[in-house]
Amino acid sequence: AQTVTQSQPEMSVQEAETVTLSCTYDTSESDYYLFWYKQPPSRQMILVIRQEAYKQQNATENRFSVNFQKAAKSFSLKISDSQLGDAAMYFCAFGSSNTGKLIFGQGTTLQVKP
Amino acid sequence: DTAVSQTPKYLVTQMGNDKSIKCEQNLGHDTMYWYKQDSKKFLKIMFSYNNKELIINETVPNRFSPKSPDKAHLNLHINSLELGDSAVYFCASSQDKTGTVGNTIYFGEGSWLTVV
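Predicted model, so just to flag it, every value in this text is computed and none were measured. (Residues numbered from 1 in each chain as written. Chains lettered and ligands numbered in written order. Predicted model: local features only at pLDDT ≥ 70, side-chain atom pairs only at ≥ 80, totals over all residues. Heavy atoms only, no water.)

Participant: Got a minute to help me understand the state of the cysteines in this structure?
Facilitator: Two cysteines whose sulfur atoms are joined by a covalent bond form what is called a disulfide. One pass over the structure, following the stated rule, counts two disulfides over all chains. One disulfide bridge connects C23 of chain A with C92 of chain A, the sulfur atoms lying 2.0 Å from each other. Across the S-S bond of C23 of chain A and C92 of chain A the torsion is about -70 degrees, and the bridge reads as left-handed. On the criterion of sequence distance, the pair formed by C23 of chain A in the loop between strand 3 (19–21) and strand 4 (24–26) and C92 of chain A in strand 10 (residues 88–96) is long-range, its members being 69 residues apart. Considered together, C23 of chain A and C92 of chain A belong to a single accessibility category, that of buried residues. The partner cysteine of C23 of chain B in its disulfide is C91 of chain B, sulfur to sulfur 1.8 Å. Its torsion about the S-S bond being -80 degrees, the disulfide of C23 of chain B and C91 of chain B is classed as left-handed. Taken together, the residues C23 of chain B in strand 3 (residues 19–25) and C91 of chain B in strand 9 (residues 87–94) connect sequence positions 68 residues apart. By the burial criterion, C23 of chain B is buried, and C91 of chain B matches it. (Disulfide = S-S within 2.5 Å. Helix = DSSP H or I, 4+ residues; strand = E, 2+ residues; numbered from the N terminus. Buried < 20%, exposed > 50% of the residue type's maximum accessible area, 1.4 Å probe, protein only.)

Participant: Would you take a moment to explain the interface of chain A and chain B for this structure?
Facilitator: By a frequent convention, interface size equals the accessible area lost on bringing the separate parts together. Each partner contributes to the interface: chain A provides 20 residues, whereas chain B provides 22 residues. Between chain A and chain B, roughly 2000 Å² of surface is buried when both sides are summed, and carbon and sulfur atoms account for 54% of that area. At the boundary of chain A and chain B, one finds zero salt bridges. On inspection of chain A and its partner chain B, the count reaches four residue pairs in polar contact (both at pLDDT 80 or more). Per-element accounting of the side of chain A that touches chain B gives the leading share, four residues, to strand 5 (residues 32–39) of chain A. Each residue belonging to the side of chain A that touches chain B can be placed in one class, and the counts come to ten nonpolar, seven polar and three charged. (Contact = heavy atoms within 4.5 Å. Buried area = accessible area lost by both parts, 1.4 Å probe. Salt bridge = Lys/Arg side-chain N within 4 Å of Asp/Glu carboxyl O. Polar contact = N/O pair within 3.5 Å; in protein donor to acceptor, adjacent residues only side chain to side chain. Nonpolar A, V, L, I, M, F, W, Y, C, P; charged D, E, K, R; others polar.)

Below, the structure is given as structure tokens:
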């Protein structure tokens, strides 16, 4: 069974600085997808970034980028030039190509200090 | 235009009642899901349907019954509500079930259920 682990329950960053959120996963599948979702206090789940396991190139979306290490089964999220609006809970998720379901990590609460 | 919409957004009800949450997606997706987020914010899949066919049924009590009248709708009916059912329930959809076209899952805004 797949598992996703986020070892940092809480993180904080100064506005305009860079922060990295960690995520590791375990799977025996070779074809899968990895995601980072943002959940603000409104509880809406917002897709931040997506990575296909077969791609070696790390995904990037504006200020958000990932460091995908397939052999190490690691998928960290880097947020550059942090903004107050980035404050939220961030979930790492594993997407199975076999079943289509997402397995979520425990979440990391990010605080952005002005 | 909301891609995945669910109603009601907030629901407070008494133990023992039966309630339903409705979900609709206008993305033309084939697969729809129900996820539950508990009080510790842990998210877990409950069900998924692909073209009205049940394909994922996690270990969820029989009191929870999903119904998909067509591929754009997936409703969740809960019988005999218990205190432990209090949670945020998220409806979601994706293009297909296997990831051949990316498998990105889009979530609705959530339905906050409180059982008192």
